[in-house]
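# Architecture at a glance
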Amino acid sequence: MTATVAIRPTAWKTYSAWANRHRKWLFAAPAMIFVGLLIAVPLAWTAYLSVTDSQGSVRAPSSFVGIANYLKVLGDTDRYWPAVLRTFTFTGGALAAELVLGMGIALLLWRPFRGEKWVRVAILLPLVATPVAVGMMWRLIFDPNIGFANQVLRWIGIPPQPWLSGQATALPTLMFVDVWQWTPMIVLILLAGLTSLSEEPDEAARIDGANAWQRFWFVTLPLMRTTVVVAIVLRGIDALKTFDILYATKGTGGGSFHEVETLNVYAYGLSFDYNDYGTASTVLILFFLLIIAIMWMVTYRRKGNRS
Amino acid sequence: MTDTLTVQPELIRAKPEPERSVKRRSKGRAYPIFRVLMLTLTVVLFVAPLVWMVMASLKTNVDIYDPGKTFAFTPTLDNYINVLSRNNYFTFIFNSFWVALWSTIFSLILGVPAAYAMSRFTMHRSAMVVLMARIIPGVSLLVPWYFIFANLKMVGGFGVLILSHMFVALPLIVYIMISYFDSMPLELEEQAQVDGLTPIGAFLRISLPLSAPGLATAGILSFIFSWNNFMFALVLSGANTKTLPVAIFNFVSYASIDWGSLMSAAVVVTVPIMVIALFTQKYIVSGLTAGATKG
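Residues numbered from 1 in each chain as written. Chains lettered and ligands numbered in written order. Predicted model: local features only at pLDDT ≥ 70, side-chain atom pairs only at ≥ 80, totals over all residues. Heavy atoms only, no water.

This next bit is on the confidence of the model for chain A. With 95% of its residues at a pLDDT of 70 or more, chain A shows a mean pLDDT of 89. Averaged pLDDT values over the elements of chain A bottom out at 74 in helix α1 (residues 2-21) of chain A and peak at 95 in helix α4 (residues 80-110) of chain A. (pLDDT = per-residue confidence, 0-100. Helix = DSSP H or I, 4+ residues; strand = E, 2+ residues; numbered from the N terminus.)

Across the contact, 94 residues belong to chain A and 90 residues belong to chain B. Applying the counting criterion to the chain A and chain B interface returns 0 salt bridges. Our count for the contact surface shared by chain A and chain B stands at 12 residue pairs in polar contact (both at pLDDT 80 or more). Counting residues per element, the side of chain A that touches chain B draws most heavily on helix α2 (residues 23-49) of chain A, at 18 residues. (Contact = heavy atoms within 4.5 Å. Salt bridge = Lys/Arg side-chain N within 4 Å of Asp/Glu carboxyl O. Polar contact = N/O pair within 3.5 Å; in protein donor to acceptor, adjacent residues only side chain to side chain.)

We note that the domain assignment places domain 1 (2-35) and domain 2 (77-306) within chain A. The distance between the C-alpha centroids of domain 1 of chain A and domain 2 of chain A comes to 47 Å. (Domains from an automatic or database assignment.)

Looking now at helix α14 (residues 259-279) of chain B. The end-to-end C-alpha separation of α14 of chain B is 30 Å, in line with the 30 Å expected for 21 residues at 1.5 Å each. The largest bend in α14 of chain B amounts to roughly 30° and is located at Thr270 of chain B, with the proline Pro272 of chain B lying one to four residues further along. (Expected span 1.5 Å × (residues − 1). Bend = angle between axes of the 7 residues up to and from the residue.)

Below, the discussion takes up the nonpolar core. Counting residues in each nonpolar core, the largest one holds 179 residues, and the members touching the most others are Met118 and Phe167 of chain B. At 15 residues, helix α8 (residues 170-196) of chain A tops the list of elements feeding residues into this core. A domain-level breakdown of this core finds at least three residues from each of domain 1 (2-35) and domain 2 (77-306) of chain A. Every residue in contact with Phe167 of chain B, bar those within four places of it in the chain, is listed here: Phe34, Val35, Leu38 and Ile39 of chain A together with Ala133, Ile136, Leu141, Trp145 and Phe232 of chain B. Counting 5 residues, the second-largest nonpolar core is a separate cluster that includes Leu49, Val58 and Tyr277 of chain A together with Val143 of chain B. (Core = buried A, V, L, I, M, F, W, Y, C linked by side-chain atoms within 4.5 Å. Buried < 20%, exposed > 50% of the residue type's maximum accessible area, 1.4 Å probe, protein only.)

This brings us to the packing of helix α4 (residues 78-86) of chain B against α14 of chain B. Residues and elements named next belong to chain B. Contact geometry for α4 and α14: axes closest at 8 Å, N-to-C directions at 75°. Our classification of the angle between α4 and α14 gives roughly perpendicular. In contact with Asn79, Tyr80, Asn82 and Val83 of α4, α14 contributes Gly260, Ser261, Ser264, Ala265, Val267 and Val268. Residues belonging to the contact of α4 with α14 are distributed by class as follows: 5 nonpolar, 5 polar and no charged. (Axes fitted to C-alpha atoms, helices over the stretch in contact; angles between N-to-C directions. Parallel < 35°, antiparallel > 145°, perpendicular 65-115°, else oblique. Nonpolar A, V, L, I, M, F, W, Y, C, P; charged D, E, K, R; others polar.)

Turning our attention to unusual backbone geometry. Residue and element names in this part refer to chain A. One non-glycine residue with positive phi stands out, namely His258, at about 55°. Mapped onto the elements, His258 comes out in the loop between α12 (244-250) and α13 (263-272). We note that Asn275 has phi near 50°; this positive angle belongs to a residue other than glycine. Of note, Asn275 is situated in the loop between α13 and α14 (277-306).

If you walk through the whole model with that rule in mind, you get 35 aromatic pairs over all chains. Taking 6.0 Å as the distance between ring centres and 40° as the angle between the ring planes, the aromatic pair formed by Trp12 of chain A and Tyr15 of chain A counts as tilted. In this pair, Trp12 of chain A and Tyr15 of chain A are both assigned in helix α1, 3 residues apart and thus about one turn of the helix distant. The exposed category is assigned to Trp12 of chain A, whose relative accessible area is 58%. For Tyr15 of chain A, a relative accessible area of 44% translates into the label partly exposed. Taken together, Phe243, Tyr247, Tyr268 and Phe272 of chain A together with Phe230 and Phe249 of chain B form an aromatic cluster joined through their ring pairs. Taking the ring centre of Trp118 of chain A as reference, the NZ or CZ of Lys117 of chain A above it sits at 5.9 Å. In this structure, Lys59 of chain B packs its charged tip against the face of Phe73 of chain B, placed 5.1 Å from the ring centre. (Phe/Tyr/Trp six-rings, centres within 6.5 Å; stacked < 30°, edge-to-face > 60°. Lys NZ or Arg CZ within 6 Å of the ring centre and 35° of its normal.)

Next comes the structure, spelled out in C-alpha cells:
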C-alpha cells in the first residue's frame, strides 16, 4: 500500500520529465504522422498504379507496363494537353483578374469610411458560400433561356449568349464565377498588407509632389510585394485544383466537348467514371509534379529576390 | 487707404494659391464620389447573385420561367417544404454538421500542439509536411483512399468522412496557429516556467488560454471548409452519410432541373454558413489573412 503511494508520484514525475524533454516531437509528430500516412501511402500507390494497366478495380489483376502510360498520356493531344492548357488558362486568367480587381477594391477600402463594416460583410459572403451551391446559382443565372444574364443583355440590346452551354464561352464564364467567388479573398489579404504599411513613405512621396498613381506604383506596390506573392501562392494553388464549380456546372468530362476539362476534372473522370486507374494515376503524378515545380519556382524566385 | 490695406494682403496671399487650391478642391470632391460609386458597384456585384438565388428559391417554377416576373412575384415557401420534407434534407444537414464538427475538433486536438511546437522550435520542414496536404491535389489520393477504406469497411461511414475532412482542416489549422503563436510573446511562458510550471504546463495553462482568439479563428474556418467540401464526400460518402454539397449535386443528375427546389437547397446550404460568417467576421478575416503580412 505504502509502496504504490510512493511509486506513483515518481512514475508520474519520470513520465512528465520525459514528456517535457521530448515535447517538441510529442506535439508535432501526431499531426505529421496523420498527414504523412494519408499522403505517403496513397501517393506511393498512385505512383505504382501509374506504371500498370490497372482498370476496373485496383484489386483486379494488372500487369506492369513500365512508362507506357506516360508515353501515352504525354503524346495525347486529344485530351491531356488541352486539359493542361485549360488548367493554365483558367488559373492564369482568373488569378490575373482577381489580383487587379482585388487590388482596386482593397485600395477603395483602405482608408476608413462610414459603413465600412457593411461593405466588408458583403464581400465576405461569396467567399464563405459553398462552391457547389455557387455553381448551381450561376447555372441558373447563366441559363440561356431563363437566366438573368441574358435578360440583362436583352434589356441593353445585346444578343443573348450561350454562356455555360457554349463551347467557346463555358470556360471564360466559369473563370468569371471563380473571380466572383475568390476576389474577396485577394481583397482581404491585400487589405491586411495595406493596413500594416507605415504611412510615412506615402506621406513623403505626397510632399515631394507625386500624384496618386505614382504613389501607388512606385511606393505602395513595391512595399506590398511580399503580400502580393502570398496572395498569388495561396490563391494559385487552389485555382489550379479547382474542381467543385467545374464539376457542378458541367459534370463528367467537362461538358460534351470537354470544353472545361482541366487536369483535375480529367483525372477525376478517368478515376471514377471510367475506372481507368493506370492512366488516371499517370495524369495525377504529372499534375502533382507540375504543382511542385510551380511551387518551387515561386519560392525559389522569392528567395532569389530577397538576397 | 484703409480699404487698400485690408484688401491687399488677401490679394497677395491669393496670388500663388489659385492653381493648387482649385486642383485640390476638385480632386477632393471627385474622389469621395468616385469611391462611393465604386464601392456601391462592388457590393451590388457581389451580393446581387445571392439575392437572385434567394428570390428564385421563393418562386414557383412557372414564375422562374417568366421574365415578366423577375422582381414582381408572389413569394412561396413551397420549394423549401418540398426539399426539406421529401428529400431527407434534415439527414443531410445533420451529416454535414456532424462531419464538420468532429473533423474540426479532432483537427484542433492534433493541429494546435503541432503548430505550437513548430512555431516555438521553428520547424519549417515539419510544417511543410503538414502543409503538403494543402498543396497536393485531392484526386491523387482518392483512389487509394477509396480502396484502403473499402477494405477496412469504412467507406460510407462517418469515420472516413471525418478523416478525409481532417485532411482539409488540419493544414489550415496548423497554418493559422503557427502564425498566431509566432506573434505571441515568449515572456509569459518563460515567467510561468520560472514560477514552477513545466514547459507543457506553461503551454496548457498560459499559452493555450491566451490563444483563444486564434483557436476560434482556426476552428470556425475549418468548420466552414469542411461544410463546403464536395469532392471527398462525393466519393467516400454513402446513401446515409451524404453531405449537403453532394445532395445538391445529385439534384441535377435527373433529366430536367427543378430550379426552384435546387435554389432552395442551395440557400439551405449557404445561409447557415453566411450567418456564422456575419457574427464571426473578425475571426474569419484574420484567419484568411494569416501569414499574409509577415516576411
